[in-house]
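# Examining the three-dimensional arrangement
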Amino acid sequence: MKKIQNYINGNLIGLSEEYLPVIDPSKGEEVSKVILSDSRDMEKVIESSKASFSEWSNTTPLKRSRIISKYKELIEKNIEHLAKLVSVEHGKTLDDSKGSVIRGLEVVEFACGIPHLLKGEYSQNVGTNIDSWSIRQPLGICAGITPFNFPAMVPMWMYPISIACGNSFILKPSEKNPSCSLKLAELFSEAGLPDGVFNVVNGDKKIVDLILESNEISSISFVGSTNVAKYIYKKSSSSGKRVQALGGAKNHLVVMPDANIDQAVDGIIGAAYGSAGERCMAVSVAVAVGDVADELVNKIQNKAETLKVAPWTDKTSEMGPLISKEHLENVEKHIANGIKEGAKLIIDGRNIKIQGYENGYFLGATLFDHVTKNMSIYKQEIFGPVLSVVRAKNYQEALDLVNNHEYGNGSSIYTSDGETSRHFTTNTKIGMVGVNVPIPVPMAFHSFGGWKQSLFGDHSMHGIEGVRFFTKLKTVTSRWPKSIQSGPEFVMPTN
Ligand code: NAD
């Protein structure tokens, strides 16, 4: 059985003797084992990150950018391989995996512009003969802790920008699918990144806690579930680290009576069931406004019933399995609760069997109608292919649902009315908002992040927010000797 270790200082190594099985969710079979790193691995990774920082932070941004450009080419060359690594350990379709690698690659592309992005501001004569300018300097050693659902893209939201800014970076990927991160690290070395600038350390809570407790680490970037995000935020900020901790979601898509219903249905189907609903921007609630509900539910039902659920090796697959047996059982529990609480189950995806993959963690598309705001299936993040339709009398009731939900990651409205759309984008208490777009994921040169229980900390990920997160601002005020007036000044200078 293959043993997956750490990538430290340009080598695949591991000191801990403890390992955890990595499962192919399509088959429910162990495909490899991943190391559960301990304090010995932690010591090595800190030593390597520390040693590389001084030289890397003093490497010119242009030289850093050239290495990143080369890295971009290598990712492009290896895209099929990277996508396959994602599909084997995650289960999503190959095209979807490829799409996710490309969305990560776009951050690498963005990071190539680092000489421009790090330009500061300059003011001449802030006082008589005094000039002032600002510079952004790297933080030191940064760390990222990432979830299972995007093994390539989410790490790439973090480390390319952090490294471009001159930091060294330690990645702790999800223990459920660690292989892609190791390949991404190897490719970065191949592109010319000095050893130790990008290290990958595998494991579970034990290594996460060692990362959070380390005084050598300056910042933590986290993406995962809300409870863990809160824990990470509290523990890291109490030890003075900079933190961005992105949590869970419950994204609403509002369908107005004046919307193009067929477009809305296509949007909902892809956004609710793509990647088996295991996306933090998945649509898990469709809000049908006014008299649109019956037609909307019928049309969603017709399309959802024909979705092809199959392993990623089947090219016609539209939806793969869930990540684990525990997660499958948890999602099934949510469905049972929905029925108990009185929601109308229109499509039941439970008990689906795929020939030859009977032990895989598959669940078919599931659809509930007449869901209300007090039901647990409405309140909680399910993270599976389960869509709830809530009926709202009018636009205001729909907006209140969106705004009163504890999560605030993404939300969309389908409408043909500009005034409604403008009101929605202005008044939703949500981080990422779409108009006639089902999953409003910002591009690499914008920034990704939610509000409320979906993000703890002040910075979203990537884009200029990423550059700000991974650098410290310094403002310099300077006057040259010949211009210095004699004698001390005891009042605040005012010009
Ligand atoms: P998770 O919170 O279980 O795990 C995320 C990471 O934290 C993993 O690396 C894991 O090893 C580590 N971890 C888990 N439990 C821990 C603990 N008790 N203490 C310390 N570290 C711990 O999340 P997941 O199941 O891998 O991913 C799914 C979740 O991620 C969903 O809630 C989803 O909404 C969220 N997510 C959010 C975004 C976003 O941008 N807001 C993006 C992707 C996923």
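Just so you know, these numbers come straight off a predicted model, no measurement behind them.

A separate point is the site of the ligand. Lys172, Glu175, Ser225, Gly247 and Glu381 are the nearest of the 27 residues found near the ligand. Within the contact set of the ligand, an oxygen atom lies 2.8 Å away from a backbone nitrogen or oxygen of Thr146. The contact in question runs from an oxygen atom of the ligand to an N or O atom on the backbone of Phe148, over 3.0 Å. For the ligand, the protein covers 88% of the area, taking 850 Å² as the surface of the free molecule. Mapped onto the shell around the ligand, the elements with two or more residues apiece are helix H8 (205-213), strand E11 (217-223) and helix H9 (226-238). Residues belonging to the shell around the ligand are distributed by class as follows: 15 nonpolar, 8 polar and 4 charged. Counting contributing residues, the shell around the ligand receives three or more from each of domain 1 (2-247 + 454-476) and domain 2 (251-435).

Here we take up helix H3 (residues 79-90). In this model, H3 (12 residues) spans 16 Å end to end at C-alpha, consistent with the 16 Å of a helix rising 1.5 Å per residue. Within H3, the full set of buried residues consists of Ile79, Leu82, Ala83, Leu85, Val86, Ser87, Glu89 and His90. Summarising the contacts, the buried residues of H3 are in contact with strand E1 (2-4), strand E4 (19-24), strand E5 (29-35), helix H2 (61-77), helix H4 (94-111) and helix H7 (179-190).

Pairing between the strands of a sheet is mediated by backbone hydrogen bonds and can be parallel or antiparallel. Pairing in this open sheet of 3 strands is antiparallel, and the strands run E6-E7-E23 from one edge to the other. Two strands lie at the open edges of the sheet, namely strand E6 (122-127) and strand E23 (471-478), each paired on one side alone. On average, adjacent strands in this sheet sit at an angle of 30 degrees to one another, irrespective of strand direction. In the sheet, strand E7 (residues 130-138) pairs with E23 via 8 bridges, with the strands oriented antiparallel. By the bridge assignment, Ser132 is partnered in E23 with Thr477.

One frequent convention defines the size of an interface as the accessible area lost when the parts assemble. Taken as a whole, the chain is organised into domain 1 (2-247 + 454-476) and domain 2 (251-435). Relative to domain 2, the C-alpha centre of domain 1 lies at a distance of 31 Å. Listed as interface residues are 22 residues of domain 1 and, on the opposing side, 22 residues of domain 2. Approximately 1,900 Å² of surface area, both sides summed, lies buried where domain 1 meets domain 2, with 62% of it carried by carbon and sulfur atoms. With a shortest N-O distance of 3.1 Å, Arg279 and Asp96 are connected by a salt bridge. Between domain 1 and domain 2 we count 5 residue pairs in polar contact (both at pLDDT 80 or more) in total. Looking at the side of domain 1 that touches domain 2, the elements that each hand over two or more residues are H3 and H4. Broken down by element, the side of domain 1 that touches domain 2 gets its largest block of residues, 5 residues, from H3.

The subject of this paragraph is the pattern of salt bridges. Considering all chains together, one arrives at 22 salt bridges under this definition. For Lys50, the salt bridge goes to Glu216, with nearest N and O atoms at 3.3 Å. One end of the pair, Lys50, is in helix H1 (residues 39-57); the other, Glu216, is in the loop between H8 and E11, and 166 residues separate them in sequence. When its relative accessible area of 36% is taken as the criterion, Glu216 is described as partly exposed. Glu397 is the salt-bridge partner of Lys393, the closest N and O atoms lying 3.4 Å from each other. Note on Glu397: relative accessible area 28%, which makes it partly exposed. Each of Glu17, Asp38 and Arg40 takes part in a single network of salt bridges with overlapping partners.

Criteria and thresholds
Residues numbered from 1 in each chain as written. Predicted model: local features only at pLDDT ≥ 70, side-chain atom pairs only at ≥ 80, totals over all residues. Heavy atoms only, no water. Near = heavy atom within 4 Å. Polar contact = N/O pair within 3.5 Å; in protein donor to acceptor, adjacent residues only side chain to side chain. Areas by Shrake-Rupley, 256 points an atom, 1.4 Å probe, with all protein chains shown as cover. Helix = DSSP H or I, 4+ residues; strand = E, 2+ residues; numbered from the N terminus. Nonpolar A, V, L, I, M, F, W, Y, C, P; charged D, E, K, R; others polar. Domains from an automatic or database assignment. Expected span 1.5 Å × (residues − 1). Buried < 20%, exposed > 50% of the residue type's maximum accessible area, 1.4 Å probe, protein only. Contact = heavy atoms within 4.5 Å. Pairing = 2+ DSSP bridges. Axes fitted to C-alpha atoms, helices over the stretch in contact; angles between N-to-C directions. Buried area = accessible area lost by both parts, 1.4 Å probe. Salt bridge = Lys/Arg side-chain N within 4 Å of Asp/Glu carboxyl O.

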